[in-house]
Amino acid sequence: MAAPPAPMPASPQPVPPAPEPRLPRPPLETIQARFGGRAPHQWGLEVPGVVTRSSSDAVALTFDACGGPGGSGVDARLLATLRKHGVPATLFLNARWIAANPGTSAELAADPLFELADHGTAHRPLSVSGRSAYGIPGTASLAAVYDELVSNRAHLENLVREPAPWYRPGTAYFDEVAAEVTRAVGLVPVNFSVNGDGGATFSAAQVATALAAAGPGDIVISHMNRPGSGTALGYEGVLPRMLAHGVKFTTLSKAGLSAA
(Lines give C-alpha, C1' and ligand atoms only; values in the text may rest on other atoms or scores of the structure.)
Protein backbone atom coordinates (compact mmCIF):
# COMPACT_ATOMS: atom_id res chain seq x y z
CA MET A 1 0.00 0.00 0.00
CA ALA A 2 1.17 3.54 -0.65
CA ALA A 3 2.34 5.79 2.16
CA PRO A 4 -0.43 6.92 4.53
CA PRO A 5 -2.13 10.25 4.01
CA ALA A 6 -0.92 13.25 5.92
CA PRO A 7 -3.40 14.01 8.70
CA MET A 8 -5.38 17.10 9.41
CA PRO A 9 -4.34 18.55 12.76
CA ALA A 10 -6.62 17.95 15.70
CA SER A 11 -8.20 21.09 17.04
CA PRO A 12 -10.40 22.38 19.82
CA GLN A 13 -12.93 23.64 17.30
CA PRO A 14 -16.29 22.50 18.64
CA VAL A 15 -18.22 19.85 16.83
CA PRO A 16 -21.75 20.92 15.97
CA PRO A 17 -24.49 19.20 17.96
CA ALA A 18 -26.30 16.54 16.00
CA PRO A 19 -29.99 15.67 15.97
CA GLU A 20 -31.04 12.12 16.63
CA PRO A 21 -30.16 9.81 13.72
CA ARG A 22 -33.06 8.22 11.86
CA LEU A 23 -31.40 4.84 11.53
CA PRO A 24 -31.42 3.11 14.92
CA ARG A 25 -28.05 2.08 16.32
CA PRO A 26 -27.30 -0.38 19.09
CA PRO A 27 -27.02 1.54 22.36
CA LEU A 28 -23.64 2.15 23.91
CA GLU A 29 -24.48 -0.31 26.68
CA THR A 30 -24.80 -3.10 24.11
CA ILE A 31 -21.44 -2.21 22.58
CA GLN A 32 -19.80 -2.04 26.01
CA ALA A 33 -21.19 -5.44 26.97
CA ARG A 34 -19.84 -6.97 23.76
CA PHE A 35 -16.46 -5.26 23.49
CA GLY A 36 -15.66 -4.04 27.02
CA GLY A 37 -12.31 -5.35 28.22
CA ARG A 38 -11.09 -6.25 24.73
CA ALA A 39 -7.46 -5.19 24.30
CA PRO A 40 -6.34 -4.32 20.75
CA HIS A 41 -3.11 -5.73 19.37
CA GLN A 42 -2.96 -4.07 15.95
CA TRP A 43 -2.86 -0.45 14.84
CA GLY A 44 -2.72 0.98 11.35
CA LEU A 45 -4.36 1.31 7.96
CA GLU A 46 -4.94 -2.37 7.20
CA VAL A 47 -6.06 -4.05 10.40
CA PRO A 48 -8.49 -6.99 10.11
CA GLY A 49 -11.97 -6.00 8.99
CA VAL A 50 -10.93 -2.82 7.15
CA VAL A 51 -11.71 -2.83 3.43
CA THR A 52 -8.90 -1.56 1.18
CA ARG A 53 -9.93 -2.93 -2.25
CA SER A 54 -13.04 -3.97 -4.15
CA SER A 55 -13.76 -6.79 -6.59
CA SER A 56 -14.87 -4.29 -9.24
CA ASP A 57 -13.31 -3.86 -12.68
CA ALA A 58 -13.31 -0.10 -12.00
CA VAL A 59 -11.33 2.31 -9.84
CA ALA A 60 -13.20 3.68 -6.81
CA LEU A 61 -12.25 7.29 -6.14
CA THR A 62 -12.77 8.54 -2.58
CA PHE A 63 -12.23 12.06 -1.29
CA ASP A 64 -11.97 13.12 2.35
CA ALA A 65 -13.32 16.44 3.64
CA CYS A 66 -11.68 16.69 7.04
CA GLY A 67 -12.88 19.97 8.56
CA GLY A 68 -11.28 21.97 11.33
CA PRO A 69 -8.88 24.92 11.07
CA GLY A 70 -7.15 24.84 7.72
CA GLY A 71 -9.19 21.87 6.60
CA SER A 72 -12.67 23.24 5.89
CA GLY A 73 -12.03 24.53 2.39
CA VAL A 74 -13.77 23.35 -0.77
CA ASP A 75 -11.70 22.35 -3.78
CA ALA A 76 -14.18 23.64 -6.35
CA ARG A 77 -11.74 23.05 -9.19
CA LEU A 78 -11.46 19.37 -8.29
CA LEU A 79 -15.23 18.94 -8.07
CA ALA A 80 -15.66 20.75 -11.40
CA THR A 81 -13.15 18.38 -13.01
CA LEU A 82 -15.01 15.32 -11.78
CA ARG A 83 -18.30 16.74 -13.04
CA LYS A 84 -16.84 17.78 -16.40
CA HIS A 85 -15.74 14.23 -17.11
CA GLY A 86 -18.70 12.52 -15.45
CA VAL A 87 -16.42 10.71 -12.99
CA PRO A 88 -18.27 9.42 -9.91
CA ALA A 89 -16.77 9.40 -6.42
CA THR A 90 -17.49 8.64 -2.78
CA LEU A 91 -17.10 11.71 -0.56
CA PHE A 92 -16.17 11.18 3.10
CA LEU A 93 -17.50 14.20 5.00
CA ASN A 94 -16.52 15.16 8.55
CA ALA A 95 -19.08 16.85 10.81
CA ARG A 96 -16.98 20.03 11.10
CA TRP A 97 -16.65 20.30 7.32
CA ILE A 98 -20.41 19.90 6.88
CA ALA A 99 -21.01 22.64 9.47
CA ALA A 100 -18.58 24.98 7.69
CA ASN A 101 -20.04 24.25 4.23
CA PRO A 102 -23.79 23.66 4.52
CA GLY A 103 -24.60 24.90 1.03
CA THR A 104 -21.91 22.88 -0.68
CA SER A 105 -22.81 19.82 1.39
CA ALA A 106 -26.43 20.04 0.25
CA GLU A 107 -25.33 20.55 -3.35
CA LEU A 108 -23.11 17.47 -3.26
CA ALA A 109 -25.88 15.43 -1.64
CA ALA A 110 -28.20 16.33 -4.53
CA ASP A 111 -25.67 15.39 -7.22
CA PRO A 112 -26.19 11.78 -8.42
CA LEU A 113 -22.53 11.62 -9.46
CA PHE A 114 -21.49 11.45 -5.82
CA GLU A 115 -22.32 9.42 -2.74
CA LEU A 116 -21.77 10.70 0.79
CA ALA A 117 -19.98 8.65 3.42
CA ASP A 118 -18.83 9.20 6.99
CA HIS A 119 -15.49 10.75 8.02
CA GLY A 120 -16.32 11.02 11.70
CA THR A 121 -17.09 13.88 14.01
CA ALA A 122 -13.86 15.20 15.56
CA HIS A 123 -11.50 13.65 12.96
CA ARG A 124 -9.78 11.32 15.43
CA PRO A 125 -7.90 8.08 14.82
CA LEU A 126 -10.22 5.28 15.92
CA SER A 127 -8.75 3.61 19.02
CA VAL A 128 -10.25 2.05 22.12
CA SER A 129 -7.10 2.86 24.10
CA GLY A 130 -6.06 6.36 23.04
CA ARG A 131 -3.46 5.42 20.43
CA SER A 132 -2.20 8.35 18.36
CA ALA A 133 -1.36 8.73 14.68
CA TYR A 134 0.88 11.51 13.35
CA GLY A 135 0.79 13.05 16.82
CA ILE A 136 -3.00 13.29 16.83
CA PRO A 137 -4.57 11.60 19.87
CA GLY A 138 -7.11 8.97 19.02
CA THR A 139 -10.38 8.25 20.73
CA ALA A 140 -9.46 7.21 24.27
CA SER A 141 -12.14 4.69 25.15
CA LEU A 142 -14.87 2.44 23.81
CA ALA A 143 -17.41 5.15 24.58
CA ALA A 144 -15.36 7.71 22.61
CA VAL A 145 -15.13 5.31 19.65
CA TYR A 146 -18.91 4.90 19.74
CA ASP A 147 -19.48 8.67 19.83
CA GLU A 148 -17.06 9.31 16.97
CA LEU A 149 -18.82 6.65 14.91
CA VAL A 150 -22.44 7.57 15.44
CA SER A 151 -22.64 11.31 16.09
CA ASN A 152 -21.87 12.42 12.53
CA ARG A 153 -24.50 10.12 11.11
CA ALA A 154 -27.39 12.45 11.83
CA HIS A 155 -25.62 15.30 10.01
CA LEU A 156 -25.31 13.09 6.95
CA GLU A 157 -28.93 12.00 7.25
CA ASN A 158 -29.93 15.66 7.16
CA LEU A 159 -28.32 15.81 3.72
CA VAL A 160 -29.39 12.50 2.22
CA ARG A 161 -31.96 10.05 3.46
CA GLU A 162 -29.69 7.01 3.26
CA PRO A 163 -25.99 7.90 3.44
CA ALA A 164 -23.61 5.21 2.28
CA PRO A 165 -22.49 2.91 5.11
CA TRP A 166 -18.76 3.48 4.55
CA TYR A 167 -16.67 4.91 7.38
CA ARG A 168 -13.10 6.26 7.43
CA PRO A 169 -11.69 7.86 10.61
CA GLY A 170 -9.44 10.87 10.84
CA THR A 171 -5.89 9.86 9.75
CA ALA A 172 -7.42 6.56 8.51
CA TYR A 173 -5.98 4.68 11.50
CA PHE A 174 -7.91 1.95 13.32
CA ASP A 175 -7.18 -0.68 15.90
CA GLU A 176 -8.85 -4.02 15.22
CA VAL A 177 -11.33 -3.69 18.10
CA ALA A 178 -12.48 -0.29 16.86
CA ALA A 179 -12.85 -1.76 13.37
CA GLU A 180 -15.13 -4.45 14.81
CA VAL A 181 -17.14 -1.81 16.68
CA THR A 182 -17.54 0.08 13.40
CA ARG A 183 -19.26 -2.94 11.90
CA ALA A 184 -21.27 -3.55 15.05
CA VAL A 185 -22.93 -0.13 14.70
CA GLY A 186 -23.84 -0.82 11.08
CA LEU A 187 -20.96 0.90 9.28
CA VAL A 188 -18.15 -0.55 7.18
CA PRO A 189 -14.53 0.52 7.82
CA VAL A 190 -12.94 1.54 4.52
CA ASN A 191 -9.41 2.67 3.71
CA PHE A 192 -7.52 2.55 0.42
CA SER A 193 -4.99 0.78 -1.78
CA VAL A 194 -3.71 3.90 -3.58
CA ASN A 195 -2.77 7.16 -1.88
CA GLY A 196 -3.75 9.75 -4.48
CA ASP A 197 -2.45 12.96 -2.93
CA GLY A 198 -0.53 12.30 0.28
CA GLY A 199 -3.03 14.17 2.41
CA ALA A 200 -3.10 17.01 -0.17
CA THR A 201 0.68 17.43 0.09
CA PHE A 202 1.58 15.97 -3.32
CA SER A 203 2.46 18.15 -6.27
CA ALA A 204 0.20 17.94 -9.33
CA ALA A 205 2.76 15.69 -11.02
CA GLN A 206 2.87 13.35 -8.00
CA VAL A 207 -0.94 13.19 -7.91
CA ALA A 208 -1.05 12.33 -11.62
CA THR A 209 1.58 9.61 -11.22
CA ALA A 210 -0.18 8.06 -8.23
CA LEU A 211 -3.60 8.07 -9.86
CA ALA A 212 -2.31 6.75 -13.19
CA ALA A 213 -1.09 3.62 -11.38
CA ALA A 214 -4.60 2.76 -10.15
CA GLY A 215 -6.32 -0.21 -11.73
CA PRO A 216 -9.39 -2.43 -11.35
CA GLY A 217 -10.38 -2.92 -7.73
CA ASP A 218 -8.23 -0.13 -6.36
CA ILE A 219 -9.67 2.32 -3.85
CA VAL A 220 -7.99 5.72 -4.13
CA ILE A 221 -7.87 8.25 -1.29
CA SER A 222 -7.50 11.97 -2.01
CA HIS A 223 -8.75 15.18 -0.40
CA MET A 224 -11.39 17.70 -1.48
CA ASN A 225 -10.89 20.21 1.34
CA ARG A 226 -7.55 21.73 0.31
CA PRO A 227 -7.98 24.13 -2.61
CA GLY A 228 -4.62 25.31 -3.83
CA SER A 229 -2.97 21.93 -3.32
CA GLY A 230 -1.78 19.81 -6.23
CA THR A 231 -4.84 17.58 -6.07
CA ALA A 232 -7.12 19.36 -8.52
CA LEU A 233 -4.38 20.05 -11.06
CA GLY A 234 -3.20 16.46 -10.89
CA TYR A 235 -6.68 15.06 -11.47
CA GLU A 236 -7.33 17.63 -14.18
CA GLY A 237 -4.28 16.44 -16.07
CA VAL A 238 -4.56 12.67 -15.69
CA LEU A 239 -8.30 11.88 -15.75
CA PRO A 240 -8.78 12.55 -19.48
CA ARG A 241 -5.84 10.25 -20.31
CA MET A 242 -7.15 7.48 -18.09
CA LEU A 243 -10.63 7.72 -19.56
CA ALA A 244 -9.20 7.67 -23.06
CA HIS A 245 -7.40 4.42 -22.17
CA GLY A 246 -10.66 2.83 -21.02
CA VAL A 247 -10.22 3.12 -17.25
CA LYS A 248 -13.59 3.00 -15.51
CA PHE A 249 -14.46 4.81 -12.30
CA THR A 250 -17.11 4.04 -9.70
CA THR A 251 -18.37 4.79 -6.23
CA LEU A 252 -17.76 2.37 -3.39
CA SER A 253 -21.39 1.27 -3.42
CA LYS A 254 -21.36 0.54 -7.15
CA ALA A 255 -18.01 -1.21 -6.74
CA GLY A 256 -19.89 -3.97 -4.97
CA LEU A 257 -18.65 -3.45 -1.44
CA SER A 258 -20.90 -5.23 0.98
CA ALA A 259 -22.35 -3.56 4.06
CA ALA A 260 -22.56 -6.96 5.75
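Keep in mind that this is a model prediction, so the values were computed, not measured.

Trainee: Can you help me understand the side chain of Ser 72 in this one?
Mentor: With respect to the element layout, Ser 72 can be found in the loop between strand E2 (59-65) and helix H2 (76-84). Separated by 3.2 Å, the side chain of Ser 72 and the backbone nitrogen of Gly 68 make a polar contact. Apart from residues no more than four positions distant in its own chain, Ser 72 is found in contact with Gly 67, Arg 96, Trp 97, Ala 100 and Asn 101.

Trainee: Got a minute to help me understand the side chain of Asp 218 in this structure?
Mentor: On the secondary structure map, Asp 218 appears in the loop between helix H8 (204-212) and strand E11 (219-223). One polar contact links Asp 218 to Ser 193, side chain to side chain, over a distance of 2.7 Å. Among all residues touching Asp 218, those that are not within four sequence positions of it are Arg 53, Ala 58, Val 59, Ala 60, Ser 193, Val 194 and Ala 213.

Trainee: Please explain the pattern of salt bridges as it appears in this structure.
Mentor: Opposite charge on two side chains allows them to pair when their charged atoms are near. Following the criterion strictly, the structure yields seven salt bridges and no others. One salt bridge connects Arg 38 with Glu 180, and the closest N-O pair in it is separated by 2.6 Å. Here Glu 180 lies in helix H7 (residues 176-184) and Arg 38 lies in the loop between helix H1 (28-35) and strand E1 (43-44), a separation of 142 residues in the sequence. Arg 38 sits in the partly exposed class, given a relative accessible area of 35%.

Trainee: In this structure, what is going on with the nonpolar core? I would like to understand it.
Mentor: Within the largest apolar cluster, 31 residues are counted, with the highest numbers of intra-cluster contacts made by Leu 61, Phe 63, Leu 91, Leu 93, Met 224 and Tyr 235. Contributions of two or more residues to this core are made by E2, H2, strand E3 (89-93), helix H3 (95-100), strand E4 (114-118), H8 and helix H9 (231-244). Per-element tally for this core: the top contributor is H9, with five residues. Residues Tyr 146, Tyr 167, Val 177 and Ala 184 belong to the second largest nonpolar core, which totals 20 residues.

Trainee: Help me understand the pairing of E4 in this model?
Mentor: Each regular strand shows side chains that alternate between the opposite faces of the sheet. Most of E4 is tucked away, with five of its five residues classed as buried. Every second residue of E4 is oriented toward a common face, with Phe 114, Leu 116 and Asp 118 on one face and Glu 115 and Ala 117 on the other, all of them buried. Where E3 lies against E4, five bridges are found, and the strand directions are parallel. The partner of Leu 93 across the bridge, within E4, is Asp 118.

Rules and cut-offs
- Every chain is numbered independently, its residues counted from 1 as its sequence is written.
- A pLDDT threshold of at least 70 governs which residues receive local features in this predicted model, and a stricter bar of 80 or more applies before side-chain atom pairs are shown or counted, although totals over entire chains, interfaces and linings include all residues.
- Hydrogens are left out, water is left out, and the side-chain values use all remaining heavy atoms of the structure.
- Helix numbering and strand numbering both begin at the N terminus, where a helix is a DSSP run of H or I of at least 4 residues and a strand a DSSP run of E of at least 2.
- Polar contact is the term for a pair of N or O atoms within 3.5 Å; when the atoms are in protein, one must be able to donate a hydrogen and the other to accept it, and sequence-neighboring residues count only if both atoms are side-chain atoms.
- In what follows, a contact means two residues having at least one pair of non-hydrogen atoms within 4.5 Å.
- One side-chain nitrogen of Lys or Arg within 4 Å of one carboxyl oxygen of Asp or Glu is enough to make a salt bridge.
- Exposure is judged per residue with a 1.4 Å probe applied to protein chains only, and the accessible area is read against the type maximum: over 50% gives exposed, under 20% gives buried, and values in between give partly exposed.
- Take the buried residues of types Ala, Val, Leu, Ile, Met, Phe, Trp, Tyr and Cys, join any two whose side-chain atoms come within 4.5 Å, and each joined set is a nonpolar core.
- If DSSP finds at least two bridges between two strands, the strands pair.

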